[in-house]
Amino acid sequence: MRRFALGVVAASIALGGANASGISGTYFGRGDDAAFMVQLVESADHKITGRYAQVVLAKSGAIKQIDAAVSGTTDGRIIVLTITPTELLSASLTTSGTTDGSTLNVTGSLYCQTLTLNLHRADEAEFPRAVAALNVRALEVASAKAHASMMARIERLNSSITAFAGKVDETSKRLASSQYEKKYRDVTDWMRAAHARQRSIL
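Residues numbered from 1 in each chain as written. Predicted model: local features only at pLDDT ≥ 70, side-chain atom pairs only at ≥ 80, totals over all residues. Heavy atoms only, no water.

## Overview of a nonpolar patch on the surface
Stated formally: By definition, no residue in a patch forms a salt bridge, and every one has over 30% relative accessible area; like charges are joined within 9 Å, nonpolar side chains (Val, Leu, Ile, Met, Phe, Trp, Tyr) within 5 Å. For accessible areas, the Shrake-Rupley method is used with a probe of radius 1.4 Å. Any residue's cover is judged against the shown protein chains and nothing else. Salt bridges, as used here, are contacts in which a Lys or Arg side-chain nitrogen is within 4 Å of a carboxyl oxygen on Asp or Glu. We count a stretch as a helix when DSSP gives it H or I for four or more residues in a row; a strand needs E for two or more, and each element gets its number in order from the N terminus. Relative accessibility thresholds used throughout: buried, under 20% of the residue-type maximum; exposed, over 50%; partly exposed, between the two (1.4 Å probe, protein chains only).
Taken together, M150, M151 and I154 make up a surface patch of nonpolar side chains, about 240 Å² in accessible area. Assignment of secondary structure puts M150 in helix α1 (residues 126-201). The partly exposed category is assigned to M150, whose relative accessible area is 36%.

Written out as structure tokens, the structure reads:
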């Protein structure tokens, strides 16, 4: 069974007072590296349906996203929500808390992890704006990692070139030394031959 990846978010300051039309609407919150949204529709018998969305920027720069269906009940103040991810074999998470139509505060636990949502009523566009900002940061992380990788490759290349140049220099010195010794032997042999010819003449 696939585990539900939980997140924790502290809500922004709640906007406005209680909503006279009930709790139906969009609730939003964000953390340093995450954005959360819950959209709720309350029926006349206080049953709830809706959607949950979570986007988290991991330290690696990867964007992790969860989309889930929401169902539950409320009495206008106490609220119980079951969050069921749309992925196959994903476990559902039941949360409970309070709402006043302007804020939504629920908590639940699954697999020893806790999900705490402290959200405020907001325009639906706030969530995609927050997600866009997280995507920009993800690109920045990816760019920084690519730059660091490129610099590491350049450093390795420079080290290889330096090592190769050292070997070439050493080889050149050996060749030069070898050629000098050959010339010395040639001159020595010539002098010996000349000396021998001179002795034979005398």
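Let's pick the thread back up.
## Topic: the nonpolar core
Test applied: The set of buried Ala, Val, Leu, Ile, Met, Phe, Trp, Tyr and Cys residues whose side-chain atoms join them within 4.5 Å is what this entry labels a nonpolar core.
If you look at the biggest cluster of nonpolar residues, it comprises 22 residues, and the most contacted ones within it are L40, Y52, I79, L104 and L117. Sorting the residues of this core by element identifies β3 (34-42), β4 (47-57), β5 (63-74), β6 (78-85), β8 (103-110) and β9 (113-121) as the ones contributing at least two each. Formed by 12 residues, the second largest nonpolar core is a distinct cluster that contains F28, M37, A53 and F127.

## Remarks on the pattern of salt bridges
Between side chains of opposite charge, a pair can form when the charged atoms approach closely. Under the criterion given, the structure shown has two salt bridges. Between D33 and R137 there is a salt bridge; the shortest N-O distance is 2.6 Å. Of the two residues, D33 is situated in the loop between β2 (25-31) and β3 and R137 in helix α1; the sequence distance between them amounts to 104 residues. R137 sits in the partly exposed class, given a relative accessible area of 32%.

## Concerning the side chain of T99
Formally: Counting of polar contacts relies on pairs of N or O atoms within 3.5 Å, with two restrictions inside protein: one atom must be capable of donating a hydrogen and the other of accepting it, and residues adjacent in sequence are counted only when both atoms are side-chain atoms. Note on definitions: a residue-residue contact is assigned when non-hydrogen atoms from the two residues lie within 4.5 Å.
Its place among the elements puts T99 in strand β7 (residues 93-99). A distance of 3.3 Å separates a polar atom in the side chain of T99 from the backbone nitrogen of G101. In this structure, T99 is in contact with I23, Y27, T74, G76, R77, I79 and L104, ignoring residues within four places of it in sequence.

## Some remarks on the pairing of β3
Note the following rule: Note on pairing: DSSP must find at least two bridges between two strands before they are called paired.
Of all nine residues in β3, eight are buried, a share of seventy percent or more. Taken together, the seven bridges between β2 and β3 define a ladder with antiparallel strand orientation. Bridging across to β3, R30 finds its partner in A35. In this structure, the hairpin formed by β2 and β3 is closed by a connection of two residues. As judged from the nine bridges shared by β3 and β4, these two strands associate in the antiparallel manner. Residue pairing across strands places A35 opposite V55, the latter belonging to β4. Taken together, β3 and the strand that follows it, β4, pair antiparallel across an intervening segment of four residues, in which H46 is found at a positive phi of about 70 degrees.

## Overview of the pairing of β5
Sheet topology places β4 next to β5; 11 bridges connect them, and they run antiparallel. Each residue of the ladder has a partner; that of Y52, found in β5, is A68. Two successive antiparallel strands, β4 and β5, enclose a turn made up of five residues, where G61 displays a positive phi of approximately 100 degrees. Connecting the antiparallel pair β5 and β6 is a turn made up of three residues, with G76 showing a positive phi of about 100 degrees.

## Description of the environment of T107
Along the chain, the position of T107 falls in strand β8. Along the chain, T107 and S96 lie 11 residues apart, while their C-alpha atoms are 5.6 Å from each other. The residues contacting T107, other than those within four sequence positions of it, are T94, T95, S96, T114, L115 and T116.

## With respect to the side chain of T26
Mapping T26 onto the fold places it in strand β2. On the basis of relative accessible area, T26 is assigned to the buried category, the value being 11%. Within polar-contact distance, the side chain of T26 engages the side chain of Q39 at 3.4 Å. If near-sequence neighbours (up to four positions away) are discounted, T26 is found in contact with M37, V38, Q39, H120, R121, A122 and E124.

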